[in-house]
Amino acid sequence: MPNEKVLLCASLILLSQRALSSTMMHTKCRGKFYPRGNNKVIRFSVPDEKVRWAVPFPEYAPVSFTTAGILAGPSFADPDISETLFKPKWNELDGNVDRRSHEGTYEVVDGYPRNKHGRTGVMGRGCLGRWGPNHAADPVVTRWKIENESRVINPVSKKPVLQFVCIQRKDSGEWAIPGGMVDPGEKVSSTLRREFEEEALDALQMTAEERQIVGQKLKDLFEQGKEIYAGYIDDPRNTDNAWMESVACNFHDEDLKGILHKLELKAGDDAKSVKWMDLDKELELYASHKDIVHQVTLQHGAHW
Ligand code: RP5
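Description of the structure in this document. Every value quoted in this text rests on a predicted model; they were computed, and no experiment measured them.

### Observations regarding the nonpolar core
1) Next: In this structure, Val141, Phe164, Phe196, Leu218, Tyr229, Ile292 and Val293 are the most contacted members of the largest nonpolar core, which totals 58 residues.
2) Next: Examining the composition of this core, we find that seven residues originate from one element, strand β14 (residues 242–253), more than from any other.
3) Next: In terms of nonpolar packing, the next biggest core, distinct from the first, is built from five residues, Val41, Phe65, Val122 and Cys127 among them.

### Focus: the layout of surface pockets
1) Next: There is about 1000 Å³ of room inside the largest pocket.
2) Next: Listing elements by their share of the lining of the largest pocket, those giving two or more residues are β3 (97–98), β7 (132–144), β12 (180–181), α3 (188–200) and β14.
3) Next: Taken together, the residues that form the lining of the largest pocket break down as 17 nonpolar, 11 polar and 18 charged.
4) Next: By volume, the second largest pocket is sized at about 320 Å³.
5) Next: As for the second largest pocket, its lining consists of 16 residues, and the residues nearest its centre are Val109, Tyr112, Met123, Asp240 and Asn241.

### Quick notes on the packing of aromatic side chains
By convention here, two paired aromatic rings are described through the distance between centres and the angle between planes.
1) Next: Scanning all chains against the criterion turns up nine aromatic pairs.
2) Next: An angle of 85 degrees between the planes, with centres 5.4 Å apart, marks the rings of Phe44 and Tyr60 as edge-to-face. Pair noted here: Phe44 is in the loop between α1 (3–23) and β1 (63–66) and Tyr60 is in the loop between α1 and β1, with a separation of 16 residues, a long-range link.
3) Next: Residues Tyr112 and Trp131 carry aromatic rings whose centres are separated by 5.5 Å and whose planes lie at 70 degrees to one another, so their mutual orientation is edge-to-face. Of this pair, Tyr112 sits in strand β5 (residues 112–113) while Trp131 sits in the loop between β6 (122–126) and β7; the two residues are 19 residues apart in sequence, bridging distant segments of the chain.
4) Next: Three or more aromatic residues link up through ring pairs in this structure, and these residues are Phe44, Trp53, Phe57 and Tyr60.
5) Next: Against the face of Trp144 rests Arg151, its NZ or CZ located 4.6 Å from the ring centre.

### Concerning α3
1) Next: Taking 1.5 Å as the rise per residue, α3 with 13 residues should run 18 Å; its terminal C-alpha atoms sit 18 Å apart, in good agreement.
2) Next: Taken together, the buried positions of α3 are occupied by Thr191, Leu192, Arg194, Glu195, Phe196, Glu197, Glu198, Glu199 and Ala200.
3) Next: At the exit of α3 stands Asp202, carrying a positive phi of roughly 55 degrees.

### Considerations on the pairing of β14
1) Next: Within β14, 12 of the 12 residues are buried, which leaves it mostly tucked inside the rest of the structure.
2) Next: By the alternation rule, side chains of β14 split into Ala242, Met244, Ser246, Ala248, Asn250 and His252 and Trp243, Glu245, Val247, Cys249, Phe251 and Asp253, which are all buried.
3) Next: Where β7 meets β14, 12 bridges bridge the pair, whose relative direction is parallel. Residue pairing across strands places Val141 opposite Phe251, the latter belonging to β14.
4) Next: Bridge count between strand β13 (residues 226–233) and β14: seven bridges; the pairing is antiparallel. The residue bridging Tyr229 from the neighbouring strand is Ala248, located in β14.

### Regarding the site of the ligand
1) Next: Around the ligand, the neighbouring residues are Ala136, Asp138, Arg169, Gly179, Gly180, Met181, Ile233, Asp235, Arg237, Met244 and His289.
2) Next: Asp235 has a polar side-chain atom sitting 2.6 Å from an oxygen atom of the ligand.
3) Next: In the environment of the ligand, an oxygen atom lies 2.8 Å from a nitrogen or oxygen atom belonging to the side chain of His289.
4) Next: Surface burial for the ligand is 93%, taken as the share of its 360 Å² of free accessible area covered by protein chains.
5) Next: More than half of the atoms belonging to the ligand lie within 2 Å of the grid points that define the largest pocket.
6) Next: Contributions of two or more residues to the shell around the ligand are made by β7 and β12.
7) Next: Across the shell around the ligand, the residue classes break down as four nonpolar, three polar and four charged.

### Concerning the side chain of His289
1) Next: For His289, the location among the structural elements is in helix α5 (residues 289–300).
2) Next: Ignoring sequence-local partners within four residues, the contact set of His289 consists of Asp138, Ala176 and Ile177.

### Side note on the packing of α3 against helix α4 (residues 208–223)
1) Next: Where α3 meets α4, the closest approach of the two axes is 12 Å, and the angle between their N-to-C directions is 130 degrees. Relative to α4, α3 is oriented oblique. Handedness of the α3/α4 crossing: right-handed. Two secondary-structure elements touch here, α3 through Leu192, Arg193, Phe196 and Glu197 and α4 through Arg211, Gly215, Gln216, Leu218, Lys219 and Phe222.
2) Next: Across the contact of α3 with α4, the residue classes tally to four nonpolar, two polar and four charged.

The rules we used
- Residues numbered from 1 in each chain as written.
- Predicted model: local features only at pLDDT ≥ 70, side-chain atom pairs only at ≥ 80, totals over all residues.
- Heavy atoms only, no water.
- Core = buried A, V, L, I, M, F, W, Y, C linked by side-chain atoms within 4.5 Å.
- Buried < 20%, exposed > 50% of the residue type's maximum accessible area, 1.4 Å probe, protein only.
- Helix = DSSP H or I, 4+ residues; strand = E, 2+ residues; numbered from the N terminus.
- 1 Å grid on protein atoms, 1.4 Å probe; cavity = no way out; pocket = protein on both sides within 12 Å on 5 of 7 lines; lining within 4 Å.
- Points joined across faces, edges and corners; volume = space filled by probe spheres on them.
- Nonpolar A, V, L, I, M, F, W, Y, C, P; charged D, E, K, R; others polar.
- Phe/Tyr/Trp six-rings, centres within 6.5 Å; stacked < 30°, edge-to-face > 60°.
- Lys NZ or Arg CZ within 6 Å of the ring centre and 35° of its normal.
- Expected span 1.5 Å × (residues − 1).
- Pairing = 2+ DSSP bridges.
- Near = heavy atom within 4 Å.
- Polar contact = N/O pair within 3.5 Å; in protein donor to acceptor, adjacent residues only side chain to side chain.
- Areas by Shrake-Rupley, 256 points an atom, 1.4 Å probe, with all protein chains shown as cover.
- Sits in = over half its atoms within 2 Å of the grid points.
- Contact = heavy atoms within 4.5 Å.
- Axes fitted to C-alpha atoms, helices over the stretch in contact; angles between N-to-C directions.
- Parallel < 35°, antiparallel > 145°, perpendicular 65-115°, else oblique.
- Left-handed = near helix turned anticlockwise from the far one by under 90°.

Structure (structure tokens):
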């Protein structure tokens, strides 16, 4: 295929992902209970047709909730908006803290940033540290499923099966991409690699020497990442004033005998378990991670 056509296809895929992100109707952050509230924090029920702020909903009276842990003021969290010394630069890079959204400008109403994807039934920050966008990065590490040294073909779709490194979260027990928060001032490329090493390889328990050996092995793979998604995540922790956004990149090893077929996975940090998971539309994953891994299968022409 001529280069212009490849470029056109790539731009169309990227445009459709952005469109997907900005029109996404959030559902996982409209469950009955807000997480980490001991099932005592009940979200105000928001029907699909009342999610958008533009639709009048005069009876909307969400509870305000921010966990005690966040109110205690850990280093990764903002102060309360009522604190007079707190002067955030909304929609800007505010010192080391990135308050910009991947999805353009968000509104600030009565001093509070407003979730662009609409009502969630809870105000405040819940258990999220930042007002407005809380930035994460998600590494989707993939290989082909092999048996007898060849790729496994799904009998129904007739397409090869892709596998990705999937962790089980300690907080909710759900399976997820091994992503994590971008530290202030940290490059997303560093977060992607750090989170993968910490959660899927238990790098925090390695000696400096072991870490260096693993780092060397993964160097080539992590230098060839492809951005799959950048935008809002339908995370159960989202509120009307604080929400998750992420940049997801795919790191794929095409080699059927390559590094990803030799790597020893070991759950660490926020992960209680880790495994290679076959990609298939029946998968249930945390937040909107299923949409992200679906994009990866499309890019590789893999089974879904
Ligand atoms: C999700 O939460 C992101 O997509 C990312 O996977 C994760 C980051 O939060 P922690 O795992 O650090 O809690 O919204």
